[in-house]
Amino acid sequence: MLLFRDVCAAFDVIESKSGRLEMTDLLAELFKKCTPKEAAYLCYLIQGIIAPPYEGIDLGMGERFALAAIASATGYPSFEVEKHFKKSGDLGDTATEFSKKKKQLSLLSNDLSLEYVFETFQKISKASGSGSQELKIKLLVELLNNSDPLEARYIIRFVNGSLRLGVGDPTILDAISVSHAGNKSMREQLERAYNVCSDLGLIAKSFFTSPSSIASFHVSPFKPLMPALAERLNTPKEIIEKLGECIVENKYDGFRMQCHKSGDRVEMYSRKLERMTPMLPEVVEAIRNLPQKEIIFEGEALAYDVSKKRYLPFQQTMHRRRKHGIEAASKDYPLRVFVFDILYLDGKDMTDAPYADRRKTIEKLFLKGKLLMPSEAKKLKTATALEAVFDASLSAGLEGIIAKDLAAPYAAGKRKFAWIKLKKSYGKSVDTIDGVIVGYYLGLGQRAEFEFGGVLVCVYNPQSGKLETVAKVASGFSESEMKQMQELLSRIKTPKPPANLDCKIAVDFWVEPKYVVEVAFDELTQSPNHTCNSKGGKGLALRFPRVVKLREDKGLSEITTSDEVVSMFELQRGK
Ligand code: AMP
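Since the structure is predicted, the reported quantities are computational estimates derived from the model, not experimental observations.

1. Some words on helix α7 (residues 114–126)
Now for step 1: Given a rise of 1.5 Å per residue, 13 residues ought to cover 18 Å, and the 18 Å separating the end C-alpha atoms of α7 matches this to within 8%.
Now for step 2: For α7, the complete set of buried residues consists of L114, V117, F118, T120, F121, I124 and S125. Considered in projection along α7, the buried side chains sweep an arc of 155° and stay on one side of the axis. What points out from α7, more than 90 degrees from its buried face, is the exposed set K123 and K126.
Now for step 3: Elements that come into contact with the buried residues of α7 comprise α1 (4–16), α3 (36–47), α8 (132–145) and α9 (149–159).

Written as structure tokens, this is what we have:
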């Protein structure tokens, strides 16, 4: 039985370490002590979730409830707890402090096991209906009553969604492999399995039950796959040199949807694998009416303005991902989905079939659809032909094209040259990156009014597991965007920088690394201030960066990597 105290002690050390190897070893030691069920719980705990993201389950406990529970468990008045929290800025630290000076000692102080703690979290998440808030607090108070100060810190951080250990999924996969094999030799198999089901808890549980089971993991409905990602090149010529004959498709600027159907059940998942089904009733209906019994396919959804007979731009399309006014929105701005891949059909995993075959299936199944239709595509083999398609897509107001390797399987969770994007450049700019915001600045002059003057943006280095800074961005925000950014970012302020941040620059406020922005720039330069690929020396930085848009559809795992920035820098030099 794994004690929760041991888990917290390891978390405490992990927080003070920055090296990925050390984190991996500490976690591997924990996994060694786990039963299969405990291994699943440990994965979710580190990820800060109660169930895989696509189940859309959260604890439903905000700051207010956590504060009330700390007060009730320790015997201090709420205002005192709140005062401390305002100063510390970290609910976990506040929980630790009050737990140290607890007024009431619990009569039944038991050792908490990981299993007991996690299953209490599950109970908290399941409580619903009248009296549920009281029940949630009661369950949390019981946990706090039995916890020591360090345990109290992690319990409160978990329920408040602010665990921030700085441990990414790749590190967890490494740790699982190391705990069993003593090295990372099982990592690739584990990662493949994770990419086709996106449930790390399930992977850990299956693996520790029977390590060989992981090799036969396959695609199945209602377990979303990690989306395949596109590489980029700068010219039609480079694309043809890389792929030869290929299929070139319009790159639609909407939101990506992974659609699953089995019998009457239909679910749709976003690019971040969040369940979107309730927001898009007209799409659910169209999928339910498909003659196939079981199917998983992917497409890009765009909102269509019925009265003006045209597609809406990205920002307006994104308004369809809402929780209210769904009926009216689905009538006035119904979605059209351009299907661009098929992953599963009537019991058959299609991910290993070459794209040329998958494309034929898409055309056969969706050709006559009014709402679900194939993405526009053309098979071609010369740079001139590709350029013509690219120009036509820009004239039609689209973002550019994606060229696809005819022979490639579907690369779940991977960025490969199976898909290559060629995008419109913004003004003089070479390209754009997708980076995560780690901090923000107060505005000067006119911007002071918005309490927002710009953001510090990072890319990700998968080798070190670090977020590396690449730009301070102050341009590209309209007044309403500045207001929106201030509102979003002020809610996720943190007292300390993210644990895995490599940074030499100060900010006014650190934030949880959550929001992804697309940033355009004129060129890449070397800078002593930025840490992107700096290896201790000069890093790479964006020159004249400006925000193109907030990418709420993208998650942390999809931001540009430092390696990609390096290859963009090399492309730029070669020009
Ligand atoms: P990017 O977001 O710039 O990395 O480009 C990849 C994204 O383009 C995918 O995640 C899709 O959401 C979107 N996309 C639009 N049209 C297509 C298409 N025909 N094939 C694949 N992806 C597409």
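What follows picks up the thread again.
2. As for the site of the ligand
Now for step 1: Neighbouring the ligand are 15 residues; R256, R271, E300, K404 and K421 lie closest to it.
Now for step 2: K404 has a polar side-chain atom sitting 2.7 Å from a nitrogen atom of the ligand.
Now for step 3: One of the side-chain nitrogen or oxygen atoms of K423 is found 3.3 Å away from an oxygen atom of the ligand.
Now for step 4: Among the secondary structure elements, those contributing two or more residues to the shell around the ligand are β2 (246–251), β11 (400–405) and β12 (415–423).
Now for step 5: Within the shell around the ligand, the residues separate by chemical class into four nonpolar, two polar and nine charged.

3. Some thoughts on the packing of aromatic side chains
Now for step 1: Per the counting criterion, the structure on display carries 19 aromatic pairs.
Now for step 2: A ring pair is formed by F11 and Y154, whose centres lie 5.6 Å apart and whose planes are at 75°; its orientation type is edge-to-face. Pair noted here: F11 is in helix α1 and Y154 is in helix α9, with a separation of 143 residues, a long-range link. Residue F11 shares its accessibility class with Y154, and that shared class is buried.
Now for step 3: Each ring, one from F118 and one from F121, has its centre 6.4 Å from the other, and the planes form 75°; the classification is edge-to-face. Placement of the pair is F118 and F121 together in helix α7, with a separation of three residues, close to one helical turn. Both residues of the pair, F118 and F121, count as buried.

4. Let's talk about the domain arrangement of the protein
Now for step 1: Split by domain assignment, the protein resolves into domain 1 (49–160), domain 2 (229–423) and domain 3 (432–574).
Now for step 2: For domain 1 versus domain 3, the distance between C-alpha centres works out to 33 Å.

What counts and how
- Residues numbered from 1 in each chain as written.
- Predicted model: local features only at pLDDT ≥ 70, side-chain atom pairs only at ≥ 80, totals over all residues.
- Heavy atoms only, no water.
- Helix = DSSP H or I, 4+ residues; strand = E, 2+ residues; numbered from the N terminus.
- Expected span 1.5 Å × (residues − 1).
- Buried < 20%, exposed > 50% of the residue type's maximum accessible area, 1.4 Å probe, protein only.
- Arc of directions from axis to C-beta.
- Contact = heavy atoms within 4.5 Å.
- Near = heavy atom within 4 Å.
- Polar contact = N/O pair within 3.5 Å; in protein donor to acceptor, adjacent residues only side chain to side chain.
- Nonpolar A, V, L, I, M, F, W, Y, C, P; charged D, E, K, R; others polar.
- Phe/Tyr/Trp six-rings, centres within 6.5 Å; stacked < 30°, edge-to-face > 60°.
- Domains from an automatic or database assignment.

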